[in-house]
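Structural overview
Next come the chains, spelled out residue by residue.
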Amino acid sequence: MTKKAGIYDPYLDTLGGGERYCLTVAEILLNNGYNVDIFWSGDSNILEKAQERFSINLKKAKILPDIFEATPHEIERIHDNNFLFNLIQKTNSKLKIKEKILKIFQKFNITRKYDLFFFLSDGSNPFLFSKKNILHIQVPFLSNSLEPQPIINPIKSLFFSNIICNSKFTSKFVKKYFRKKIDILYPPVDIVKFNNQEKKENIILSVGRFDNILNAKKQDCLIDAFSKLIKRKHLKGWKLVLAGGSLQESSKNAFLQLLIKKANGLPIEFFINPNFEQLKKLYAISKIYWHAAGFQVNENLHPEETEHFGMTIVEAMASGLVPFGINKGGIPEIIDNKVNGYLWKTIKGLVNKTYNLIGNPKLFEQMTSKSVQKSKQFSKENFETEFIKLIKLP
């Protein structure tokens, strides 16, 4: 009998690193004989867009309505003829209590039909009732609904087979909320699809969403850094390329328009919503990778505003770029400072370190080789092997 798996990601429409993580899990489960349902009530073409963006195969996955954000009216329609639903309707409970009971029952009624359920937490600690429930936490929440609740949280945790974090950094902040072991499973990067043999051009590349929300990519700071860098000697012909996604039309994205205005007159190019092939090409011809998420953030007070891992850094390393990333969050788990890349704290430090590397071709060649080698630790193959081992797939 074919096994069933459910996947829930509340941020699916952003198609960021967390979405690649969850959808890679979906692909692995499909490849291991599972029927996979993805709970989502947004864009009905999201899986087609994800396949193009991430180059993963989700053709056999199905989209089902989101049961985790359903309204009481939607729940009523689903359980219109259910005895327990009708019984609850007759009680004199306050509306909010009634809604919570209905939602819990709805989740029970649906998730219990699955052999495995993979849930990306948005700060919530859900009730799940499949045979194997996996809670995945990508954001190091400090104060949220993950916060310990003396009775409810321990009960919910009993239903989890595994709690998985995307980095040691994330785990450090969320482990106090649970009485279970937390496993670390670094995000998957399909490194074999990236080309590190193409002729490089004098390009500094940065890839990230064009927005100013959670763990913002701080492209404005990179523009400031680049404007200082190109004033140095012997840097004629260098350019900065900023690539990334925009949920809105470019003309309506206020932050993107601010960046474009800020970059006016500088050798800076923008690639908006590149597909996977376009992104691969940009990586292949670039020499240096800049990453600024977490800049000017106190990671102890606001860990959620740092980069919790950094998949684009690994993609860059697999493509033969030397990465420069903030010495915060999960980035030091990827970059070994002065070995396969550089960790930086200030704009001045980023500019100086980049300039020194550009002026030392021999060092650049050595670091490129070590960068490619380090990227192999985060391969999609390693992820699949560890995921299957971790959750003990039959």
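Being a predicted model, the structure only gives us computed values, none of them experimental. (Residues numbered from 1 in each chain as written. Predicted model: local features only at pLDDT ≥ 70, side-chain atom pairs only at ≥ 80, totals over all residues. Heavy atoms only, no water.)

**Looking at the sheet that holds strand 9 (residues 239-244)**
Ordered in space as 10-9-8-11-12-13, the six strands form an open sheet in which the pairing is parallel. Edge strands, defined here as strands with exactly one partner in the open sheet, are strand 10 (268-272) and strand 13 (342-344). When the angles between neighbouring strand axes are averaged without regard to direction, this sheet yields 25 degrees. Both strand 8 (residues 203-207) and strand 9 contribute to a ladder of five bridges, which runs parallel. Across the sheet, Val 207 pairs through a bridge with Ala 243, a residue of strand 9. Together, strand 8, strand 11 (288-290) and strand 12 (322-326) form the strand contacts of helix 11 (residues 311-318), whose direction differs from that of strand 11 by roughly 175 degrees. (Pairing = 2+ DSSP bridges. Helix = DSSP H or I, 4+ residues; strand = E, 2+ residues; numbered from the N terminus. Axes fitted to C-alpha atoms, helices over the stretch in contact; angles between N-to-C directions. Contact = heavy atoms within 4.5 Å.)

**Quick notes on a nonpolar patch on the surface**
A surface patch of nonpolar side chains, about 290 Å² in accessible area, is lined by Ile 155, Leu 158 and Phe 159. Inspection of the secondary structure assignment puts Leu 158 in the loop between helix 6 (152-157) and strand 6 (160-165). On the basis of relative accessibility, which here comes to 69%, the residue Leu 158 falls in the exposed class. (Patch = residues over 30% accessible without salt bridge, like charges linked within 9 Å, V, L, I, M, F, W, Y side chains within 5 Å. Areas by Shrake-Rupley, 256 points an atom, 1.4 Å probe, with all protein chains shown as cover. Salt bridge = Lys/Arg side-chain N within 4 Å of Asp/Glu carboxyl O. Buried < 20%, exposed > 50% of the residue type's maximum accessible area, 1.4 Å probe, protein only.)

**Quick look at helix 14 (residues 380-391)**
Here helix 14 spans 16 Å end to end across twelve residues, near enough to the 16 Å set by a 1.5 Å rise per residue. For helix 14, every residue scored as buried is listed here: Lys 380, Phe 383, Phe 387, Leu 390 and Ile 391. Taken end-on, helix 14 shows its buried residues confined to a sector of 95 degrees, consistent with a single buried face. Of the residues one or two after helix 14, Lys 392 is the one with positive phi, at around 55 degrees. (Expected span 1.5 Å × (residues − 1). Arc of directions from axis to C-beta.)

**Overview of the sheet that holds strand 2 (residues 34-39)**
Spatial ordering of the open sheet is given by 3-2-1-4-5-6-7, a layout of seven strands whose pairing is parallel. Two strands close off the open sheet at either side, each with one partner strand: strand 3 (62-64) and strand 7 (182-184). Averaged over all neighbouring strand pairs, the angle between strand axes comes to 25 degrees, with direction disregarded. As paired elements, strand 6 and strand 7 share three bridges and run parallel to each other. By the bridge assignment, Ile 164 is partnered in strand 7 with Asp 183. Across the sheet, helix 1 (residues 17-31) lies against strand 1 (3-8), strand 2, strand 4 (116-120), strand 5 (133-137) and strand 6, angled at about 155 degrees from strand 2, the strand it touches most.

**What about the packing of aromatic side chains?**
Taken as a whole, this structure holds 27 aromatic pairs when the rule is applied. Measuring from ring centre to ring centre gives 5.4 Å for Tyr 186 and Phe 378, while their planes differ by 85 degrees; the resulting arrangement is edge-to-face. With Tyr 186 in the loop between strand 7 and strand 8 and Phe 378 in the loop between helix 13 (361-375) and helix 14, this residue pair connects regions lying 192 residues apart in the sequence. What makes Phe 378 buried here is its relative accessible area of 3%. Counting every residue linked through ring pairs, the aromatic cluster contains Tyr 8, Phe 39, Phe 68, Tyr 114, Phe 117 and Phe 119. A cation over a ring is seen here: Lys 4 above Tyr 114, with NZ or CZ 4.6 Å from the ring centre. Directly above the ring of Tyr 355 sits Arg 232, whose terminal nitrogen or CZ lies 5.1 Å from the centroid. (Phe/Tyr/Trp six-rings, centres within 6.5 Å; stacked < 30°, edge-to-face > 60°. Lys NZ or Arg CZ within 6 Å of the ring centre and 35° of its normal.)

**Side note on unusual backbone geometry**
Although it is not a glycine, Ser 55 sits at a positive phi angle of roughly 55 degrees. For Ser 55, the position within the fold is in the loop between helix 2 (46-54) and strand 3.

**With respect to the nonpolar core**
By size, the foremost hydrophobic cluster in this structure holds 34 residues, and its most contacted members are Leu 29 and Phe 387. For this core, the elements supplying multiple residues, two or more each, are strand 1, helix 1, strand 2, helix 2, strand 4 and helix 14. Sort the elements by how many residues they give to this core and helix 1 lands first, with eight residues. Phe 387 has contacts with Val 25, Ile 28, Leu 29, Phe 118, Ile 134 and Leu 185, leaving out every residue within four places of it along the chain. Membership of the second largest hydrophobic core comes to 33 residues, among which are Phe 210, Phe 226, Leu 235 and Leu 242. (Core = buried A, V, L, I, M, F, W, Y, C linked by side-chain atoms within 4.5 Å.)

**Quick look at helix 11**
Along helix 11, eight of the eight residues are buried, which leaves the element largely enclosed by surrounding structure. When we look at burial in helix 11, the residues that qualify are Met 311, Thr 312, Ile 313, Val 314, Glu 315, Ala 316, Met 317 and Ala 318. Note on helix 11: the residue one or two positions beyond its end, Gly 320, has a positive phi of about 85 degrees.

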